[in-house]
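# A look at the structure
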Amino acid sequence: MAVQEHNDFVNVGKKETTIGKRQSLDPKKVSICILLLYSYLSLDGNSLTIADLVRLGKGLFNIKLTTEAEEKINEAREVIETIIKENRVVYGVNTGFGKFAHMLIPKDKLIVCVCVCVCVYVGVGTPLSVERTRMLLALRINVLAKGYSGVSMETVQAMVKAFNASCLSWVPEKGTVGASGDLAHLTLGLMGEGRMWSPQRGWDHAKTVLECHGLTPLVLKPKEGIGLINGTQMMSSLAAEAVERAVGVARQADIIAALSLEALRGTTKAFHNSHRTCDRVQDAYTLRCIPQVHGVANDTIAFVKSILTTELNSATDNPLVFAERGETISGGNFHGEYPAKALDYLAIGVHELASMSERRTERLVNPSLSELPAFLVQDGGLNSGFMIAHCTAAALVSESKALCHPSSVDSLSTSAATEDHVSMGGWAARKALRVVEHVEQVLAIELLAACQALEFLRPLKSTTPLEKVHELVRTVVRPWDHDRQMSPDIEAAHTLLREEKVWEAARPYMDQYRDRLGLKPLPLDE
């Protein structure tokens, strides 16, 4: 990201970075604290990317609305005010909700109805993490910025201020069926009810947290109750993290698989026509079919990424407000079927990376398959080596098999059969995240096993990029010459994958290779 001199604001795509006058900064040297103070991501409801949403979750940017978004929000609110003034009957504005949609609410009861709408939804379980709650709030603001919800500018700006102050509501993980009302707990905190978190206060009563930051609890207006609790943002924000992590682990899975191929002295004959002299006819499927199985995992991730990018920038409220026509439409955009189905597909697709990885780890630790010391350690019997680490990989793969059962095929009717088909997208998102994490952990075990296997093949050397990956691993995990506690080593390798250090170690050499072949360089976000 280039930062130019004597600009107060430097436009980089949709980002605006405040740097102060007549400064020239190398962004790589700017601390996270300065980024928090001076960087903004402009939301317009149309162009939020998965990567940027994840960055917002990490607290790397504050947010602001574009001028166009502010205009659209105001125009939609004017439609709602006109409806109320003219006493027109519109669902969610002056009627009950769900089964009570046919009941007209008197003007003097509208505020009470709005508050009841928010307070009746009850989630259970542990709260979302700070990062995930931040993503949820940012995503809801982005959807409101489209200007189809009828929520007032005052309310949206209050949400922006809460985000920028990191005042985050207690949002339980469980209780959503993925169709409506998912965001009630997010709204409750903003109203000063329930619990809230901020860096200064930790968890405390929401009103106390808001007041500590000079913020005022929301007082909702007609339409704003249903306008804030309806939508697919709960599942979609979790999905964004799942997709972003899946992208990272998938490209590193190729590198780890290549390490195992080297350690097992497999043939490259199956990988096009440029190969070393080798008398081996063919390898097992988990080596020979890496391009095919990993390939479909990558295609799955790309498909889900496309679906989710659309969902992040879609109006998922009900009813929707169309300012240009001065009308509202009760529809079904709040239904989470699209992200739910995509997340089920993601879990199934990315799981295969772990399924392949666990089998390669078995080949590495099994002396009859690897021609290496049993369980990759000397003095077998006295030492167990990678015996139990492989058991851990097998356990994770088995658990993921159950998690890959699609949640979106299981619909239960709610709200007296008014909401008679739901997506179960919240569970689809949570289990997809668990599957992705299992994939990371299984691949971390394979990474350690492959690097340990290479120790027994010295002084032979692998390719430069794979040797660089081996060197990287050895900066955090030393070789095994006898048994020791392995959990910290697995966690260290897992951290390397989460931070994409394995990809960073190998990528420069991949770019050089592509350049020699006259191929286009890899995109920056890949």
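Think of each chain on its own: its residues are numbered from 1, step by step along the sequence as written. Note on the predicted model: pLDDT of at least 70 is required for a residue's local features to be given, and 80 or more for side-chain atom pairs to be given and counted; whole-chain, interface and lining totals, by contrast, use all residues. Neither water nor hydrogens contribute to the side-chain values; these are computed over all heavy atoms in the structure.

For the protein chain, the name recorded in an unreviewed UniProt entry is Histidine ammonia-lyase, with Oncorhynchus tshawytscha as its organism. Reading the Sequence similarities (unreviewed entry) entry of the UniProt record for the protein chain gives the comment "Belongs to the PAL/histidase family." According to UniProt, the comment filed for the protein chain under the heading Pathway (unreviewed entry) is "Amino-acid degradation; L-histidine degradation into L-glutamate; N-formimidoyl-L-glutamate from L-histidine: step 1/3." UniProt positions are given in the numbering used here, feature names are shortened, and annotations may be inferred rather than shown by experiment.

It is worth spelling out a negative patch on the surface at this point. Together, E71, E75, E78 and E324 give the surface a local cluster of negative charge. Only DSSP runs of H or I reaching four residues or more are called helices, and only runs of E reaching two or more are called strands; each is numbered from the N terminus. Relative to the elements of secondary structure, E78 occurs in helix α3 (residues 67-85). Patch membership requires more than 30% relative accessible area and the absence of a salt bridge. Residues of like charge join within 9 Å; the nonpolar side chains Val, Leu, Ile, Met, Phe, Trp and Tyr join within 5 Å. Areas reported here follow the Shrake-Rupley algorithm with a probe of radius 1.4 Å; residue values treat only the protein chains shown as occluding. Basic side-chain nitrogens of Lys or Arg form a salt bridge, by our definition, when they fall within 4 Å of a carboxyl oxygen of Asp or Glu. Only four residue types enter the tally: Lys and Arg on the positive side, Asp and Glu on the negative side; His and the chain ends are excluded. In this description, the location of a charge corresponds to atom NZ of lysine, CZ of arginine, CG of aspartate or CD of glutamate.

Now for unusual backbone geometry. A cis geometry characterises the amide bond from N318 onward to P319, with omega recorded as -5 degrees. Each neighbour pair has its own omega, and for R458 with P459 the value is 15 degrees, a cis peptide bond. Despite not being glycine, R265 has its phi angle at roughly 55 degrees, a positive value. Here R265 lies in the loop between α10 (233-263) and α11 (285-288). Look at R265 and you get partly exposed, because its relative accessible area is 35%. One non-glycine residue, D379, adopts positive backbone phi at about 55 degrees. Note on placement: D379 falls in the loop between α14 (367-370) and α15 (387-403). Residue exposure (1.4 Å probe, protein chains only): buried if accessible area is under 20% of the type maximum, exposed if over 50%, otherwise partly exposed.

What follows covers a nonpolar patch on the surface. A cluster of nonpolar side chains, Y513, L517 and L519, forms an exposed patch at the surface whose accessible area comes to about 300 Å². Position of Y513 relative to the elements: it lies in helix α19 (residues 501-516). Since its relative accessible area comes to 44%, Y513 is described here as partly exposed.

Across the protein chain, the average pLDDT comes to 86, with 83% of residues at or above 70. The pLDDT value tells you how sure the predictor is about a given residue, anywhere from 0 up to 100. At the low end of the mean pLDDT range in the protein chain sits strand β1 (residues 9-12), at 29; at the high end sits helix α18 (residues 487-498), at 98. Across residues 1-36, confidence stays below pLDDT 50; counting only partners more than four residues off in sequence or on other chains, it has 55 contacts. We call two residues in contact when some of their heavy atoms are within 4.5 Å.

Turning to helix α2 (residues 50-57), a few remarks are in order. Judged by how many residues are buried, α2 sits mostly within the fold: six of eight residues are covered. Of all the residues in α2, the buried ones are I50, D52, L53, V54, L56 and G57.

This paragraph deals with the nonpolar core. L53, L56, I141, V350, F386 and L447 are the most contacted members of the largest nonpolar core, which has 124 residues in total. The element best represented in this core is helix α16 (residues 425-455), accounting for 18 residues. With sequence-adjacent residues up to four places away left out, I141 is seen in contact with L43, I63, L65, V156, M159, V160 and F163. The nonpolar core is taken to be a set of buried Ala, Val, Leu, Ile, Met, Phe, Trp, Tyr and Cys residues, with the residues joined through side-chain atoms within 4.5 Å.

With respect to topology, three strands assemble into an open sheet ordered β6-β8-β9, the strand pairing being antiparallel. Looking at strand neighbours, the two that pair on one side only are β6 (168-169) and β9 (202-205), the edges of this open sheet. Sheet topology places strand β8 (residues 195-198) next to β9; four bridges connect them, and they run antiparallel. By the bridge assignment for β9, R195 is matched with H205. Between any two strands, at least two bridges found by DSSP are needed for them to pair.

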